[in-house]
Number of protein chains: 2
Amino acid sequence: MKRFIKYSEWEIIEENFIPENNEAAESIFSIGNGKMGHRANFEEFYSGKTLQGNYISGVYYPDKTRVGWWKNGYPDYFAKIINAPDWRGIKITVGKNKLDLFKCKISDFKRVLNMKHGYLYKHLLAELPDGKQVKVESFRFLSIVNDELGAIKYLITPFNFSSEIQVLIDIDADVSNKDSNYGEKFWTEVDKSFVPYPYIVAQTKKTFFNLCTAINYSFEQDGEEFKPTKFLSYEHEKYLGYKFFINAEQQKTITIYKFAAVTSSLNYSNDALIEHAFAHLENASEVGFDELFDEHKKVWSNKWTDADVEISGDIAAQQAIRFNIFNLLQTYTGKDERLNIGPKGFTGEKYGGVTYWDTEAYCLPFYLSTSPQNVAQNLVKYRYKHLQKAIENAQKLGFNNGAALFPMVTINGEECHNEWEITFEEIHRNGAIAYAIYNYVTYTGDKDYLSDFGLEVLIAISRFWKQRVNFSEQKQKYVMLGVTGPNEYENNVNNNWYTSTIAIWTLKYTIEVINFVKNKNIDDFKRISVASSFYENEIENWQKIIDNMYLPFDEKRNIFLQQDGFLDKEFLNAQSLLPQERPLHQNWSWDRILRSCFIKQADVVQGLFFFENNFDEQTIKRNFDFYESMTVHESSLSACTHSIVASKIKNYKKAYELYLRTARLDLDDYNNEVKEGLHVTSMAGTWMSVVYGFGGMRVKDGKISFNPFLPEKWNSYSFKILYRNCKLEIIVKKDEVSIINHSDAEIDLLIYDNEHDILPNDELTLVGLLSI
Amino acid sequence: MKRFIKYSEWEIIEENFIPENNEAAESIFSIGNGKMGHRANFEEFYSGKTLQGNYISGVYYPDKTRVGWWKNGYPDYFAKIINAPDWRGIKITVGKNKLDLFKCKISDFKRVLNMKHGYLYKHLLAELPDGKQVKVESFRFLSIVNDELGAIKYLITPFNFSSEIQVLIDIDADVSNKDSNYGEKFWTEVDKSFVPYPYIVAQTKKTFFNLCTAINYSFEQDGEEFKPTKFLSYEHEKYLGYKFFINAEQQKTITIYKFAAVTSSLNYSNDALIEHAFAHLENASEVGFDELFDEHKKVWSNKWTDADVEISGDIAAQQAIRFNIFNLLQTYTGKDERLNIGPKGFTGEKYGGVTYWDTEAYCLPFYLSTSPQNVAQNLVKYRYKHLQKAIENAQKLGFNNGAALFPMVTINGEECHNEWEITFEEIHRNGAIAYAIYNYVTYTGDKDYLSDFGLEVLIAISRFWKQRVNFSEQKQKYVMLGVTGPNEYENNVNNNWYTSTIAIWTLKYTIEVINFVKNKNIDDFKRISVASSFYENEIENWQKIIDNMYLPFDEKRNIFLQQDGFLDKEFLNAQSLLPQERPLHQNWSWDRILRSCFIKQADVVQGLFFFENNFDEQTIKRNFDFYESMTVHESSLSACTHSIVASKIKNYKKAYELYLRTARLDLDDYNNEVKEGLHVTSMAGTWMSVVYGFGGMRVKDGKISFNPFLPEKWNSYSFKILYRNCKLEIIVKKDEVSIINHSDAEIDLLIYDNEHDILPNDELTLVGLLSI
């Protein structure tokens, strides 16, 4: 835990520059626009500790895997979103002294992430070794309007001197990833020039993505543009820049504008990259920084109209929830169906491969409720497009007949992970992918998706489950051996309750969807049957498994058992752990973790959340209490799910405690690791713990339903959701719940399980009904 | 499977040079003397595929570990016995053509490993591209008399031409390991010179072992020494050599002698290395090659006097058993108590770290029966000397109070392995180390070892077991969770029968030894108690575990269960596997292997072997039959143990079938991997399958006991053993067993469980009693 962020409703604020916090701040102040993303590295020279990060979504490198002991079936590479050519540099030198923010004496420092308007701001006063003081102010944004454009407005003022200053404006493509397995650099230079605009076209090795990074710049003083006449140009491999010499006067501010356009071969042919980049620059120069910035801010404001969560009476919680939402919105916009959401978004290199089960289990609900339908659909369809690769992946492991195992980690449909206990065993991900189809269709009502895309995926996953179980003569039941559940503090267990439960659920749901599609349009069903070589007798085998699957159960405690043998453990309460032992994975040997009862995130609780309709509240409560007591929440995906289930069983205190933990995970750096990047996908879980947890939102029989309560410490909160063709705002106050229908359609919904009807642009308020 | 070795009783023979076999042959024809070891790389130029290997026992490099995902408790390095400076080069050039054995046309080729006398021989006729034919013959040995000395006699004859030939005689310290994790070279040059003898002193990085490699040479023709007057000297970093120009006449043989002395800082101070190396060279030159060679051969002959196994009627089996014995004798001589036996001896780089549980479980019995007592004692004491490190190793994992976990792989007492399922879980090794103490004391009768060294180790291991189990409320028994048994095709299982069994056995034996030492000499006991901070109340806890340990059992089949949950598997017979699926680890995904019933080597069978006295024959038979049917023997340590147990239960056919598999594993390259090196430690298992298996040798109540049978296909076999102060020869013929007492002491022994007494230098023959 490390707190240095000031509270504010719409801003993330750092005051007092402390170099030890710099890498953490670089993560926290990251900006992005769905296509490009930056860590908040300085424009200036910085010789202290920094993790340079500048990423282009979809541009990756298949870094040769490094692994101690190879297992048959391991992939050859780990796909990494890579550090891209850096166009942010505005590097100042005064006399012989570089303005190196690590070496200068920094005062009057403020760094701000403006979440409402999506930009990064800072100001500071830097004292050079010779006593000269320079005042600096900067604004930076990655345009949410034109996602191939970024801009910086940089103001520099000699504070206590007048002299020539040197301004280096550059593009540096000679960048590397810190986590390169073999210390390799991933870019080669294809082309570069200073005219008409400075640009570099760089190419990734192996994957041959071409990326053009072009810049334009201008100088202004007293509202007048000027062109420095004295300058040098520098170039070497993968680098070019201009150094301008400018006579600067004490207390007179020079403003520098730097625009960058970044175009990639993901979107253009190689020979059109430069031309498109130049077009962006020309347009930007014409329109000017201020207008571009205004447009950008306006679009961001609009995003909040659909997605904001307001909390009154708890500024830390307010800041945190907006920080979570902001990062989700800037990481994924759904514009490009080839993209997905990495666990760290654009904020670090860790978990370089893009897609994990996080997308399906945590992120999808957020985008379903805050973005147009096609955004969520793109996320779900992403896996449909990888179906063939998932079938090949399963084949490599020995499965057949069109069974699919979607990868644990992927960027292009191929598996990237290689720890056998995860790659081959953490197969519950397949279930989450099936569940996301269900979730998408339930929320949107878009049943066409099933015949268009969903059913083929469901059949392939059901085939996998069918082959992955075997019949135990001893138990006279189907069993699933060698599994790792979401609780990665247990590996290679037999009969993981969650995995087996989601497997049966998938089989049932697939049969249900088959029947639905068949009844709706037999031609669709025939087409899918041919495409999947599906024969209806497969259903019989699935049904046998559904009817005879073994699920471990503790009769004595009347609870579901996480896995076979779990009762052999010594049961301890997580509260018995000492602070210096936490997080366990940093302080205990793996041996001790595996043998202990402690749970990283509780499988069973995840299942209670997904399948809550199958269990009565007492069952959920018994199981939650048992598992929560042993859960250390050392997965960023843990606390949010537990919080939602705690809300469900009316354990409001616990729900709030767990919410706090998930909401400020990064802002307060709970696990001393935020410098590696933000936990972007788990932020969706935080959002869920408000909307699904405190707000009790569900879809029941096609109707949106709310069951809200107000955490004790809050005065009120509200959230906005899109549901089908309606925009709703839910406001929860003490003893009062209001729902505003911001749309032109009438909505029929459930509040505390009672049906209500709200007319277009009308508001409904229930008083005194809060169930807390 | 790849057969190219000719059968011969005392020799390993390769005829017809086929480059594809070269790397395999380099392994198979390896020579060593306990301190130095060579793969059979050519003296000549060779541009084809080769794995250069030249090793000095105890000289290692801590190669920075390469691992995909780090777990707390993993070591930083993997210790490797490294490829040492190469002194073997005698490289011929005729005109402009190098005598490159890969590029020449080779005829009349023969490579011989003479096992009786411990040397490598080859002859060949090589045709150069210009048609010139060169006849070559060479003898090479690593002196078993002076283990810092090696020698080559090299004969070269221009076959169809006369001309000047160039002979390059060199030392090359610019060598590397193929398996270097980061492509690093491990040696730096310290010193080199041509005078008075060419030498290089090289130093390992990080570990700073100094190694002096010095050579001397001479030329002879027609029995007369001569000195070539024309020569060049070459030197560059870590290299030096002389190129001699010699006028050679058609059909006139030139003989070259090359001696090498290798001294290391393991045995001398750095400033004495050169002087000692020179002393060896001077002595060698004085004595001359022939005499040195004769001495060497004589010592080898003597070794066979104590260790030979003769088989009549099956030349393949005869060759194989001698090949196994030969490799054991040349790998470890027991002279240096700091050394141990690597799984590949001096024949390859794989499993670079030296010591595995192979030493205790497989090798120890061989050395007990074929070498003076101190040799086996050194092996056992090796772990005593690492006790403090083993305690630290356990502490890293969270154990305390002097509990010791000996490493899975080590060269200096520190753990080198990093797969969590092995490093942290394959803890049965601790039991094997305790068992080796028992085995040593039982065989030798050296009970002083217990108070001198053994008990401290036993206490530390028992403490580990005590902390490694926990009490299961559900089972009301002690359980051992998260274990990998010798069957590495199951990972992270609960209650592995073998591991739990050896754990209880250790606790019992430790208590027994404590009582023994206490009764024998209370001062010894007090000293040990102080040294180990041992309090007798620890025994109570151990006893509770002994009395209440859970061991999985199948009531229905009346067999011990390999682990919890094993009965959930689908049971198949290993014979149902297709040839193209074998070995499974090369053809199946790890996922499929783990979930299958197939067994790499059967844990339970290993336990039946170690603890056979605890079980009646029917129990052993039931368990053996059950597990053998599922065992694929893809560990080189598997077939031998199964063979011994098959012998025990009188399944002679199976015993013989498994013997064949283990005996010619390398000679016939069963698993297509012999090019990586020989399975040296498993060779001791082969020897055991003859002596303990066919011969039925055991120690019972301090008496050596035999229970031999004759495999159907053999006419007879005999083996020699040292037992305490006796040398015995056991000859088994059809319906006849003879025991010759080759010593001056009377021996009291058991044959087919009947007591017999054999006078000094007398022979006993039993006729018609064979139990087959």
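The structure under discussion appears in the preceding block.
Rules used throughout
Counting starts from 1 at the beginning of each chain's written sequence and moves along it residue by residue. Both sets of labels track the order of writing: A upward for chains, 1 upward for ligands. Local features in this predicted model are restricted to residues whose pLDDT is 70 or higher, and side-chain atom pairs enter the listing and the counts only when it is 80 or higher, whereas totals over whole chains, interfaces and linings include all residues. With hydrogens and water stripped out, all remaining heavy atoms of the structure feed into the side-chain values. What counts as a helix is a DSSP run of H or I of at least four residues, what counts as a strand is a run of E of at least two, and both are numbered from the N terminus. As defined in this context, the radius of gyration uses C-alpha atoms, and a globule is described by 2.2 Å times the residue total to the power 0.38. Throughout, exposure labels follow a simple rule: accessible area from a 1.4 Å probe, protein chains only, divided by the maximum for the residue type, with under 20% read as buried, over 50% as exposed, and the rest as partly exposed. Between two residues, a contact is recorded if the distance between any of their heavy atoms is within 4.5 Å. Here the open area of atoms and residues is found with the Shrake-Rupley method and a 1.4 Å probe, where only the protein chains shown may cover a residue. The sign given to each residue is positive for Lys and Arg and negative for Asp and Glu; His and the chain ends receive no count. Every charge is mapped to an atom, namely NZ of Lys, CZ of Arg, CG of Asp or CD of Glu. Residues reaching a pLDDT of at least 70 in both copies supply the C-alpha atoms on which the copies are superposed by least squares. Two strands qualify as a pair provided DSSP detects at least 2 bridges between them. A helix is expected to span 1.5 Å for every residue after the first. Think of the arc as the fan of directions from the helix axis to the C-beta atoms. Identification of polar contacts relies on pairs of N or O atoms within 3.5 Å, with a donor-acceptor requirement for protein atoms, meaning one able to donate a hydrogen and the other able to accept it, and with residues adjacent in sequence counted only if both atoms are side-chain atoms. We define buried area as the total accessible area lost by two parts upon association, computed with a 1.4 Å probe and summed across both. What makes a salt bridge here is a side-chain nitrogen of Lys or Arg within 4 Å of a carboxyl oxygen of Asp or Glu, nothing more. Only Asp, Glu, Lys and Arg are considered charged, only Ala, Val, Leu, Ile, Met, Phe, Trp, Tyr, Cys and Pro nonpolar, and every remaining residue, Gly among them, polar. Lines fitted to the C-alpha atoms define the axes, with helices restricted to the stretch that makes contact. Angles between their N-to-C directions range from 0 to 180 degrees. Working rule for angles: under 35 degrees goes down as roughly parallel, over 145 as roughly antiparallel, 65 to 115 as roughly perpendicular, anything else as oblique. Note: crossing handedness is left-handed where the near helix turns anticlockwise from the far helix by less than a right angle, and right-handed where it turns clockwise. Here, nonpolar core means buried Ala, Val, Leu, Ile, Met, Phe, Trp, Tyr and Cys residues that are tied together by side-chain atoms lying within 4.5 Å of each other.

J.: Help me out: how do you make sense of the overall build of chain A in this one?
T.: If you tally the helices and strands in chain A, you get 20 helices and 33 strands. The C-alpha radius of gyration of chain A comes to 27 Å, within 12% of the 28 Å expected for a compact globule of 772 residues. Each of the three principal axes of chain A carries a C-alpha extent, and together these read 85 × 60 × 55 Å. Within chain A, the fraction of its 772 residues that count as buried is 67%. When contacts within chain A are restricted to residue pairs at least 6 apart in sequence, long-range pairs at least 24 apart make up 68% of them. Here chain A has roughly 27,000 Å² of accessible surface; of this, 46% comes from carbon and sulfur atoms. Distance between charge centres in chain A, computed from 86 positive and 105 negative side chains, equals 4 Å.

J.: Honestly, the relation of the copies chain A and chain B in this entry has me stumped. Any pointers?
T.: Overlay of chain A on chain B (RMSD 0.1 Å): rotation 180 degrees, translation along the axis 0.1 Å. Taken together, the rotation angle and the small translation identify this as a two-fold axis. Across chain A, the rotation axis passes nearest the C-alpha of Val 67 of chain A, at a separation of 2.3 Å. Mapped onto chain B, 98% of the interface residues of chain A again fall at the interface, so both copies present the same surface.

J.: Got a minute to help me understand the pairing of strand S11 (residues 133–142) of chain B in this structure?
T.: Sheet faces and side chains relate simply in a regular strand, where the side chains alternate between the two faces. All names here are of chain B. For S11, a buried count of 8 out of 10 residues is recorded, marking the element as mostly surrounded by other parts of the structure. When strand S10 (residues 119–127) meets S11, the two strands line up antiparallel, connected through 8 bridges. Directly across from Leu 120, in S11, lies its bridge partner Arg 140. Taking the residues that link successive antiparallel strands as the turn, the S10-S11 hairpin has 5 residues, and the phi of Gly 131 there is positive, at about 90 degrees. Sheet analysis places S11 next to strand S12 (residues 149–158), joined by 9 bridges and oriented antiparallel. Paired with Arg 140 across the two strands is Ile 152, which belongs to S12. As consecutive antiparallel partners, S11 and S12 are separated by 6 residues.

J.: Is there a simple way to think about helix H2 (residues 273–287) of chain B in this case?
T.: Think of an α-helix as turning once every 3.6 residues; residues three or four places apart then point the same way. Residue and element names in this part refer to chain B. Helix length check: H2 (15 residues) gives 21 Å between terminal C-alpha atoms against 21 Å at 1.5 Å per residue, within 8%. Along H2, the residues that are buried comprise Leu 273, Ala 277, Phe 278, His 280, Leu 281 and Ala 284. The buried residues of H2 occupy an angular sector of 155 degrees when the element is viewed end-on, so they sit on one face. Structural note: H2 exposes Glu 275 and Glu 286 on the side pointing more than 90 degrees away from its buried face.

J.: Hey, could you run me through unusual backbone geometry in this one?
T.: In terms of backbone geometry, most residues other than glycine have negative phi values and most peptide bonds are trans. Residues Val 195 of chain A and Pro 196 of chain A are joined by a peptide bond in cis, for which omega reads -5 degrees. Assignment of secondary structure puts Pro 196 of chain A in the loop between strand S14 (187–193) and strand S15 (199–204). Cis geometry marks the peptide bond from Arg 582 of chain A to Pro 583 of chain A; its omega dihedral reads -15 degrees. Structurally, Pro 583 of chain A is set in the loop between strand S25 (559–560) and helix H14 (584–587). We note that Gln 251 of chain A has phi near 65 degrees; this positive angle belongs to a residue other than glycine. Within the secondary structure, Gln 251 of chain A sits in the loop between strand S19 (239–248) and strand S20 (254–264). At Lys 238 of chain B, a position not held by glycine, the phi torsion is positive, near 60 degrees. Locating Lys 238 of chain B in the fold gives a position in the loop between strand S18 (230–236) and strand S19 (239–248).

J.: Explain the environment of Asn 418 of chain B here, please?
T.: Along the chain, the position of Asn 418 of chain B falls in the loop between helix H7 (387–397) and helix H8 (420–423). The spatial distance from the C-alpha of Asn 418 of chain B to the C-alpha of Trp 69 of chain B is 9.7 Å, given a sequence separation of 349 residues. Each residue touching Asn 418 of chain B, except ones within four places of it in the same chain, is listed here: Trp 69 of chain A together with Thr 65, Val 67, Tyr 74, Pro 75 and Thr 423 of chain B. Among the polar contacts listed, one links the side chain of Asn 418 of chain B to the side chain of Thr 65 of chain B, at a separation of 3.4 Å.

J.: What am I meant to see in the environment of Glu 295 of chain A here?
T.: Residue and element names in this part refer to chain A. Relative to the helices and strands, Glu 295 is located in helix H3 (residues 289–307). Judged by its relative accessible area of 33%, Glu 295 falls in the partly exposed class. In this structure the C-alpha to C-alpha distance between Glu 295 and Ser 143, which are 152 residues apart in sequence, comes to 8.7 Å. Other than its neighbours up to four places away in sequence, Glu 295 contacts Val 145 and Val 287.

J.: Looking at this model, I keep getting lost on the interface of chain A and chain B. Mind explaining?
T.: It is common to give the size of an interface as the accessible area lost on bringing the parts into contact. At the junction of the two partners, chain A supplies 48 residues and chain B supplies 47 residues. Between chain A and chain B the total buried area reaches about 4,000 Å² when both faces are included, carbon and sulfur atoms providing 49% of it. Of all residues in chain A, the largest losses of buried area upon contact with chain B belong to Trp 69, Asp 568 and Arg 595 of chain A, amounting jointly to 19% of the total for that side. Residue Asp 568 of chain B is joined to Lys 475 of chain A by a salt bridge in which the shortest nitrogen-to-oxygen separation is 2.5 Å. At the boundary of chain A and chain B, one finds 24 residue pairs in polar contact (both at pLDDT 80 or more). With 5 residues, the top contributor of residues to the side of chain A that touches chain B is helix H15 (residues 590–595) of chain A. A class-by-class count of the residues in the side of chain A that touches chain B yields 14 nonpolar, 19 polar and 15 charged.

J.: Help me out: how do you make sense of the packing of helix H10 (residues 448–468) of chain B against helix H12 (residues 522–532) of chain B in this one?
T.: The description of two packed helices rests on the angle between their axes and on the distance between the axes. Residues and elements named next belong to chain B. Where H10 contacts H12, the two axes come as close as 10 Å, and the packing angle between them is 45 degrees. Viewed along their axes, H10 and H12 adopt a mutual orientation that is oblique. Note on packing geometry: the crossing formed by H10 with H12 is right-handed. Between H10 and H12, the contacting residues are Ser 451, Leu 455, Glu 456, Ile 459 and Arg 463 on the first element and Asp 524, Phe 525, Arg 527, Ile 528, Ala 531 and Ser 532 on the second. The residue makeup of the contact of H10 with H12, split by class, is 5 nonpolar, 2 polar and 4 charged.

J.: Just checking my understanding: could you explain the pattern of salt bridges for this structure?
T.: Pairing between side chains becomes possible if they bear opposite charge and their charged atoms approach one another. In the structure shown here, the tally under the stated rule is 112 salt bridges over all chains. Salt-bridge contacts for Glu 657 of chain A lead to Lys 654 of chain A; the nearest nitrogen and oxygen are separated by 3.3 Å. Taken as a pair, Glu 657 of chain A and Lys 654 of chain A lie in helix H19 (residues 652–663) at a separation of 3 residues, close to a single helical turn. One salt bridge connects Glu 414 of chain B with Lys 389 of chain B, and the closest N-O pair in it is separated by 3.9 Å. Of this pair, Glu 414 of chain B sits in the loop between H7 and H8 while Lys 389 of chain B sits in helix H7; the two residues are 25 residues apart in sequence, bridging distant segments of the chain.

J.: Please clarify how the nonpolar core should be interpreted in this entry.
T.: Inside soluble globular proteins, nonpolar side chains tend to come together where they are buried. With 488 residues, the main nonpolar core has Ile 721 of chain A together with Ile 721 of chain B as its most contacted residues. Once residues lying within four places of it in the same chain are set aside, the contact partners of Ile 721 of chain A are Asp 306, Ser 369, Tyr 443, Trp 687, Val 691, Met 697, Ile 704, Phe 706, Cys 726, Lys 727, Leu 728 and Ile 730 of chain A.

J.: Help me understand the sheet that holds strand S33 (residues 763–767) of chain B in this model?
T.: Backbone-to-backbone hydrogen bonds join strands into a sheet, with any given pair of strands oriented parallel or antiparallel. Residues and elements named next belong to chain B. If you walk across this open sheet you meet the 5 strands as S21-S28-S29-S30-S33, and the pairing is antiparallel. Looking along the sheet, the strands with just one partner apiece sit at the ends: strand S21 (309–312) and S33. Strand-to-strand, the axes of this sheet are offset by a mean angle of 15 degrees, without reference to chain direction. In the sheet, strand S30 (residues 736–741) pairs with S33 via 5 bridges, with the strands oriented antiparallel. Along S33, the bridge assignment pairs Ser 738 with Thr 765.

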